[in-house]
Amino acid sequence: MSQSQCMVELCALLVHETYGELASRIFTILLRRGRLPIPTLARHTRLTPKQLRHGLVVLVQQNLIYHHTDSVTGVTHYEANYNAAYALLRSGKIMSFVETRHGVLAREIVHNLLLLGHTKISDLLDAYEAQKKEQFRLAQLAREEAQRQQEEEQEEAAQSDENGDLNGVTEIRSDTQIPDPISASSGQIHTALARLFNAGLIERVVDSMFRSPADIQDELEKELARESSGGVRTAKQKIEIANRLKHKIRDLRREGTEWRPHPRKRPFNGDHANGVNGASKRRRLSSGAANGESNYEDDGSYLDADLVIRVNYEKCTVILRNAQLVELAKHKIGKTTSQIYAQFLNLLEPRLARCRPDIDSEEDSGPTATIEQIAATLDKNVDPGFGIGKLSSARADNVKVEKLHQPRKNGVSAPDVKDSGNINGYSNGVNGNGHAVNIDDHSEEEKTDQLLLDMFGDKALRMVRIFKKYGKIDEKALEKAALIKQKDVRTKLAEMQMAGIVEIQEVPKDANRNNGNTRTIFLWFYDCDRVLQVLVDRVLKAMSRLLQRLAHERRGAQTILELIERSDLRHADPEAYLEPHQYKDLQNIRRKEAMLMGQICFFVSECILYSFNTTS
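Residues numbered from 1 in each chain as written. Predicted model: local features only at pLDDT ≥ 70, side-chain atom pairs only at ≥ 80, totals over all residues. Heavy atoms only, no water.

The name recorded for the protein chain in an unreviewed UniProt entry is DNA-directed RNA polymerase III subunit RPC3, from Glarea lozoyensis. As recorded by UniProt, the Sequence similarities (unreviewed entry) comment attached to the protein chain reads in full: "Belongs to the RNA polymerase beta chain family." (UniProt positions renumbered as here; feature names shortened; annotations may be inferred.)

The following block contains the structure:
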């Protein structure tokens, strides 16, 4: 599926920022020219076969490209994966909420998986062991450096004491930062992986994940065509084949996402140590975390060492979107309601594998939760009655109250809320009645209205809402409906038309089109889908410009950045070895990086509710 130029530019910049020029050149060609075989890709990129292989390995490892080998010709085609490239923007937010929910150890595991792409559990454990040894080595070097500085300062103190300049021993000081070694054992890592699996944040890697949705559908259609009898198919047979195709696609999609491990117990090693399988049990604090670091204990279970895993970006996007919906409810309704809504979303979260609903889903409105379930799991500190105003009986509208409490056909009373404040939808649950999330229309509309308000002001937003209510409308009717002066109406309409927000349609009053504007009606209208795409493109373009500005600022301070990234100076304090003007320049570039990355993170949060992903 083709993407806009803004999305192509942003994805290319993200890959270049993260994986370098080699991978970026290959990925950009695939973005701009579509799926290509290796000979054509080599001709367009002008890379040697060795460079091309290395770049493709990196992109495949990170799932940034799909690849498919034709069973007849044997030719392998490569295709860019837009969603994986855009997901690089959310890496920081993913690690943040993983640490909040599951602790530091889980965050480190997710961080390593983000760096490695997909990997075996055994390779992940080896990487932790190597990292642990490296940190112990650096800690040992830091201690030796501190001891050497202590001896030098003691010698200087002794000389100064002899000269009467200094009494006592000087304070021991070291400019070398001692890194904290990783204290998690192999069993704790297995326990953390099992919890991340159960939460859906990591998933098993299967072969279908490396093929594009179009290739998967094409293969399944060919397979079903071979299985079905030849000849002319009836309408009933076509419907049956289409349903079988939907079920197969759904099963392939859920093969890796909904798979859950069954950890096995490790054999007891006979050492009656204080803990499971010899793992020493550390003192637990009041918060439940051992030594304040991690609340994972070795429970004796382990996962298959040959299991290949990766981060489940779609599930992470669901969690990030839920957080944005809670903030939306808090801003529009109130804090207490947002806390109840957050608990409601927490109940639905385990049953939501992705933000975009499956087109072949048998459920019309997704998973539901009843009020009883929400009340049973709600925090006791949340008072549902807090913040709700009281109304005297004299001012109450008894007719509306009676309509509100009229029972429905299914025996449950629930009002139909049609205004813009409706963030829930009403649907039938499995064991009765429940509430489902009505996300797509409302959340996108709220974010769009907010952007239009920031860009064009309240008068423009008022006119947009009139367009949504009446459809196409002429200037005079718009002036009367919006209660805005004609001059202001024309100014705002021209401003929004130049930005692509509103459009105009000419409707002649008769068949004679040569009478000019006197016999023509000009109708203004607002296309929600088109405006949504325009605003998304603007946000994507803004993020691209921020990344380009970030690269420009880093090129200006390249000498200092290369100096502090040296392996022998990486863990030292920059102020100790940089000149004063160099240290000032370093602070300036760090401050600019923080501002630019903060603005990018803001745009990422704003776009989390927009459904502009490519795969289905």
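Now for the sheet that holds strand β5 (residues 202-204). With antiparallel pairing, the three strands of this open sheet are ordered in space as β4-β8-β5. The open sheet has two free edges, formed respectively by β4 (118-120) and β5, since each of these has just one partner strand. Direction aside, neighbouring strands of the sheet carry axes that sit 35° apart on average. Pairing of β4 with strand β8 (residues 308-311) involves three bridges; the strand directions are antiparallel. Bridge assignment links Thr119 to a residue of β8, and that residue is Ile309. (Pairing = 2+ DSSP bridges. Helix = DSSP H or I, 4+ residues; strand = E, 2+ residues; numbered from the N terminus. Axes fitted to C-alpha atoms, helices over the stretch in contact; angles between N-to-C directions.)

Within the secondary structure, Ser544 is located in helix α19 (residues 528-556). Contact partners of Ser544, with chain neighbours within four places excluded, come to Cys6, Glu9, Leu10 and Leu13. (Contact = heavy atoms within 4.5 Å.)

Interhelical geometry of helix α16 (residues 458-470) versus helix α17 (residues 475-482) gives an angle of 115° and a closest axis separation of 10 Å. When the axis of α16 is compared with that of α17, the two are roughly perpendicular. Taken as a pair, α16 and α17 cross one another with a handedness that is right-handed. In this structure, α16 contributes Arg462, Met463, Ile466 and Phe467 to the contact, and α17 contributes Leu478, Ala481 and Ala482. Taken together, the residues of the contact of α16 with α17 break down into six nonpolar, no polar and one charged. (Parallel < 35°, antiparallel > 145°, perpendicular 65-115°, else oblique. Left-handed = near helix turned anticlockwise from the far one by under 90°. Nonpolar A, V, L, I, M, F, W, Y, C, P; charged D, E, K, R; others polar.)

Another point: the packing of helix α11 (residues 313-332) against helix α12 (residues 335-348). Orientation of α11 relative to α12, taken along the N-to-C sense of each, is 155°, at an axis distance of 8 Å. Judged by the angle between their axes, α11 and α12 are roughly antiparallel. As for how α11 packs across α12, the hand of that crossing is right-handed. Residues Asn322, Leu325, Val326, Ala329 and Lys330 of α11 touch α12, and the partners they reach there are Lys335, Ser338, Tyr341, Ala342 and Leu345.

Among the secondary structure elements, Asn112 is positioned in helix α6 (residues 104-116). The spacing of Asn112 and Tyr128 is 16 residues in sequence and 9.1 Å in space, taken between C-alpha atoms. Once residues within four sequence positions are removed from consideration, Asn112 is found in contact with Leu124, Tyr128 and Gln131.

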